[in-house]
Amino acid sequence: MINKLIVGNWKMNGNLSLVDEFSQTLDARVILGIPSVFIAYAHLKNPTMQIAAQDCSVYADFGAHTGEISAEMLSQVGCKYVIIGHSERRQTSNFDNQQNVFAKLQNVVKTGMTAIICIDESYPALVDNQTKEFLKTNLDKVCIAYEPLSAIGTGKVPSLKDISETLSKIKNTYFGVKTLYGGSVNVSNAKEILSVELVDGVLIGGASLKLSELNEIARLS
Ligand code: PGA
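Heads up: these notes are all about the structure in this document. These numbers come from a predicted model, not from an experiment.

The rules behind these values
Residues numbered from 1 in each chain as written. Predicted model: local features only at pLDDT ≥ 70, side-chain atom pairs only at ≥ 80, totals over all residues. Heavy atoms only, no water. Buried < 20%, exposed > 50% of the residue type's maximum accessible area, 1.4 Å probe, protein only. Helix = DSSP H or I, 4+ residues; strand = E, 2+ residues; numbered from the N terminus. Pairing = 2+ DSSP bridges. Near = heavy atom within 4 Å. Polar contact = N/O pair within 3.5 Å; in protein donor to acceptor, adjacent residues only side chain to side chain. Areas by Shrake-Rupley, 256 points an atom, 1.4 Å probe, with all protein chains shown as cover. Nonpolar A, V, L, I, M, F, W, Y, C, P; charged D, E, K, R; others polar. Salt bridge = Lys/Arg side-chain N within 4 Å of Asp/Glu carboxyl O. Right-handed = clockwise from strand over helix to strand, strands pointing away. Patch = residues over 30% accessible without salt bridge, like charges linked within 9 Å, V, L, I, M, F, W, Y side chains within 5 Å.

Burial within strand 5 (residues 114-119) is extensive, with six of its six residues counted as buried. Side-chain alternation along strand 5 places Thr-114, Ile-116 and Cys-118 on one buried face and Ala-115, Ile-117 and Ile-119 on a second face that is also buried. For strand 4 (residues 79-84) and strand 5, the ladder comprises four bridges, and the chain directions are parallel. Residue Tyr-81 lies in a different strand from strand 5, and its bridge partner there is Thr-114. In this structure, strand 5 lies alongside strand 6 (residues 142-146), joined through five bridges in parallel fashion. Bridge assignment links Ile-119 to a residue of strand 6, and that residue is Tyr-146.

As structure tokens, then:
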């Protein structure tokens, strides 16, 4: 089990003291998705920390886009990965439609960062043709995180067979792209999930707020 990606997603949680704590002793293998306001601070505290943003703007250039944060800006403050199209953003704000996810994907890759595109059970409908074409030539800069809606924050993880079958379909459809599994991953189930051959890594929500758990999961990778 070498080189599996361990990605945390704090969502809208955490504060500066938690960033301080994580920046001191987080396992270097973890990629940590923190609220964008904390990224510059975390990077200054620990420049080697692998930081992800949880979203970026659809707009590529600087300009009159109040409240937006561009991929370029995230990159400048030390971010290396950007999660895009998370189901919480696709559903609640309905802002991450296919067109916007595609724009964000291009912006992220253009800056040299890696995009983590989240999809759920309805994934063929979530990836349009232009995204698929783009994936073909940018496989080293993109991962797809499969996060079934039924598993996010519920404690209900699909069977390992189901995970493996779905990731196999995703890899076959999208040119062997790196695939992560996400949804109720924690310290008790991470070992068996990471043992699935097609699982190239995990995306962890709730459990990523607990430093000791996250470090323990990282040691399994
Ligand atoms: P969870 O969230 O681990 O709390 O289920 C996963 C996610 O939404 O990325």
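The rest of the description comes next.
Neighbouring the ligand are 13 residues, the closest being Lys-11, His-86, Glu-147, Gly-153 and Ser-184. Here Ser-184 contributes a backbone N or O atom positioned 2.8 Å from an oxygen atom of the ligand. One of the backbone nitrogen or oxygen atoms of Gly-205 is found 2.8 Å away from an oxygen atom of the ligand. Protein burial of the ligand: of its 280 Å² of free accessible surface, 94% is covered by the chains. Residue composition of the shell around the ligand, by class: four nonpolar, seven polar and two charged.

Glancing now at the pattern of salt bridges. The final tally for this structure, using the stated rule, is 11 salt bridges. A salt bridge links Lys-104 to Asp-55, with the shortest nitrogen-to-oxygen separation between them at 2.7 Å. One end of the pair, Lys-104, is in helix 5 (residues 98-110); the other, Asp-55, is in the loop between strand 3 (50-53) and helix 3 (71-76), with 49 residues separating them in the sequence. A relative accessible area of 0% places Lys-104 in the buried class.

Turning our attention to the pairing of strand 6. Two faces belong to every sheet, and in a regular strand the side chains alternate between them. Most of strand 6 sits out of view: five of its five residues are buried. Burial along strand 6 is two-sided: the face carrying Val-142, Ile-144 and Tyr-146 and the face carrying Cys-143 and Ala-145 are both buried. Pairing analysis gives four bridges linking strand 6 to strand 7 (residues 178-182), with the strands arranged parallel. Residue Ile-144 lies in a different strand from strand 7, and its bridge partner there is Thr-179. For the crossover that starts at strand 6, traverses helix 8 (residues 160-173) and ends in the parallel strand 7, the hand is right-handed.

This next bit is on the environment of Glu-197. Tracing the backbone through its elements, the reader meets Glu-197 in the loop between helix 9 (190-194) and strand 8 (201-204). Separated by 29 residues in the primary sequence, Glu-197 and Ser-168 have C-alpha atoms spaced 9.9 Å apart.

Bringing a nonpolar patch on the surface into the picture now. Where nonpolar side chains cluster on the molecular surface, the patch consists of Phe-62, Ile-69 and Met-73 and spans about 280 Å² of accessible area. Relative to the helices and strands, Phe-62 resides in the loop between strand 3 and helix 3.

Take Glu-216: it is sitting in helix 10 (residues 211-220). The class of Glu-216 is partly exposed, set by a relative accessible area of 43%. When the C-alpha positions of Glu-216 and Val-187 are compared, they lie 6.9 Å apart, and in sequence the two are 29 residues distant.

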